[in-house]
Amino acid sequence: MLNNYILNHIKILLFFTLLSVFGYSQTPGLNDVTNIVSTTAPNNPLYGQLETLKGEIRIRGNSTKYKDIDGSPYYQNTKEFLPGKLILPNEKLINVNIRYDIAAEEMQIQLEENQYQVLNNDFPVIIENSVFRKFRYLDSEGKYYLGYFKMKNHDSNANLLLLEKLRKEVRGTERNIARGFPPKFTDDSKFYLKFKSSGEAFYSETKTKNLVKSFPYKIQEQIENFINKNNLKPKKEEDLLKIIDYYNSAF
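Residues numbered from 1 in each chain as written. Predicted model: local features only at pLDDT ≥ 70, side-chain atom pairs only at ≥ 80, totals over all residues. Heavy atoms only, no water.

Quick look at the side chain of Lys 168
Logical step 1: Note that Lys 168 resides in strand S10 (residues 168–171).
Logical step 2: A distance of 3.2 Å separates a polar side-chain atom of Lys 168 from the backbone oxygen of Ser 72.
Logical step 3: At a separation of 2.8 Å, a polar atom in the side chain of Lys 168 contacts the side chain of Asp 187. (Helix = DSSP H or I, 4+ residues; strand = E, 2+ residues; numbered from the N terminus. Polar contact = N/O pair within 3.5 Å; in protein donor to acceptor, adjacent residues only side chain to side chain.)

Things to note about the pairing of strand S9 (residues 160–165)
Logical step 1: Summarising burial for S9: 6 of the 6 residues are buried, a large majority.
Logical step 2: Residues Leu 160, Leu 162 and Glu 164 point to one face of S9 and Leu 161, Leu 163 and Lys 165 to the other, with burial holding for every one of them.
Logical step 3: Across 2 bridges, strand S8 (residues 144–151) lies against S9 in antiparallel orientation. From the neighbouring strand, Met 151 faces S9, where its bridge partner is Leu 163. (Buried < 20%, exposed > 50% of the residue type's maximum accessible area, 1.4 Å probe, protein only. Pairing = 2+ DSSP bridges.)

Overview of helix H6 (residues 237–250)
Logical step 1: Between the first and last C-alpha of H6 there are 20 Å, a value that for 14 residues agrees with the 20 Å anticipated at 1.5 Å per step.
Logical step 2: Here H6 has its buried residues at Asp 239, Leu 240, Ile 243, Ile 244 and Tyr 247. Burial along H6 is one-sided: seen end-on, the buried residues are contained in an arc of 140°.
Logical step 3: Considering only its buried residues, H6 is in contact with S9, strand S12 (190–195), helix H4 (208–212) and helix H5 (220–229). (Expected span 1.5 Å × (residues − 1). Arc of directions from axis to C-beta. Contact = heavy atoms within 4.5 Å.)

Section: the packing of aromatic side chains
Logical step 1: Taken as a whole and judged by the stated rule, the model has 18 aromatic pairs.
Logical step 2: Judged by centre distance (5.6 Å) and plane angle (70°), the rings of Tyr 100 and Phe 132 are edge-to-face. Pair noted here: Tyr 100 is in strand S3 (residues 93–101) and Phe 132 is in strand S7 (residues 130–138), with a separation of 32 residues, a long-range link.
Logical step 3: An aromatic cluster of three or more residues is present, and its members are Phe 195, Phe 202, Phe 215, Phe 226, Tyr 246, Tyr 247 and Phe 251.
Logical step 4: When the ring centre of Tyr 116 is taken as reference, the NZ or CZ atom of Arg 99 above it lies at 5.3 Å.
Logical step 5: In this structure, Lys 165 packs its charged tip against the face of Phe 149, placed 5.6 Å from the ring centre. (Phe/Tyr/Trp six-rings, centres within 6.5 Å; stacked < 30°, edge-to-face > 60°. Lys NZ or Arg CZ within 6 Å of the ring centre and 35° of its normal.)

Examining the layout of surface pockets
With a probe scaled to a water molecule rolled over the atoms, the places where space remains empty come into view.
Logical step 1: Estimated volume of the second largest pocket: approximately 320 Å³.
Logical step 2: Of all the secondary structure elements, the ones that give two or more residues to the lining of the second largest pocket are S8, S10 and S12.
Logical step 3: In terms of residue class, the lining of the second largest pocket is built from 7 nonpolar, 1 polar and 8 charged. (1 Å grid on protein atoms, 1.4 Å probe; cavity = no way out; pocket = protein on both sides within 12 Å on 5 of 7 lines; lining within 4 Å. Points joined across faces, edges and corners; volume = space filled by probe spheres on them. Nonpolar A, V, L, I, M, F, W, Y, C, P; charged D, E, K, R; others polar.)

Focus: H5
Each α-helix winds once per 3.6 residues, and so residues spaced three or four apart point in a common direction.
Logical step 1: Along H5, the residues classified as buried are Gln 220, Ile 223 and Ile 227. Taken down its axis, H5 places every buried residue within 65° of arc, on the same side. Relative to its buried face, H5 has exposed residues pointing more than 90 degrees away, namely Glu 221 and Lys 229.
Logical step 2: Contact partners of the buried residues in H5: H4 and H6.

Some remarks on the confidence of the model for the protein
In low-pLDDT regions, the fine details of the predicted coordinates are not to be read closely.
Logical step 1: Predicted confidence across the protein gives a mean pLDDT of 79, with 74% of residues reaching 70 or more.
Logical step 2: The element-level mean pLDDT for the protein is lowest in helix H1 (residues 2–26), coming to 37, with H5 highest at 98.
Logical step 3: Long-range and interchain partners of residues 1–42, a stretch whose pLDDT sits below 50, account for 26 contacts in this model, where long-range means more than four residues apart. (pLDDT = per-residue confidence, 0-100.)

And the structure:
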C-alpha cells in the first residue's frame, strides 16, 4: 500500500513538471522571442534589445478598436510602419520601422511583417528625421499627463525647448452618428514649452500677454518688447521659434 502511495505521488509530480515545461514553451517571454522570429525580419538588430524595450508584443491587424472611426490615428495618417531610429540609453542608434499611434500614445516597433512591439521605455525615437521624446506635461486645462512630443528645436544646450504635442481627437455628434455619419479622427496639435530647469512642459499661450507670463518675471518686459518690436504672433510656429531663439541667445 505504501509503495502504491509513493508511486502515485511520483506520477502527480511528473505530471505537473511536464505541464510546467510545455506551458512555458508555448508562451515565450521576451528573452525567448528570438526563437520565434526569423533572422530576415525587418528589425533583426532589435532582437538583442527586446527586453530593453519592455513592451507588449502584438500581432498586426488583430485590433478592431478603430474600426468604427473614420480617419487615421497614426502619425502621417498612415498605418504603415515608417523608417526611423531608436536611441538607446548608451546613445546607440538602431534603425527601425516604427509607427506612432497618436490616439493611443504608443510607439510601435515592427519586428516581423505582421508583428510589432510597443515601446514602453521612455527612449527618444526618430521618425523620418523628426525627433520625438516623452515628457510629463501640464495641458491647457491644468491637468498632468505623460506623452510624446515632436521636438521643434534640437539644441541640447538650449534653456528653452519648443515642443509640438500631436493629438488625434475623435469628433462626431450623436445626431450625426444616428444619421449614419461615423465619428472621425481630427488633428488637434498644440505647442508646448519646456525650460531646461523644469521637470515638465506646459502649454504655450497664443496671446502675447499670456505667453510673456511664462517667462521669469525680471525679463518679461524685455520679452514683450522683442515680440512687439518684431510684430510676432505667438500662435505662429515660425514666430514662436524666433521668440525662443531670442530667449536662448540673450538669457
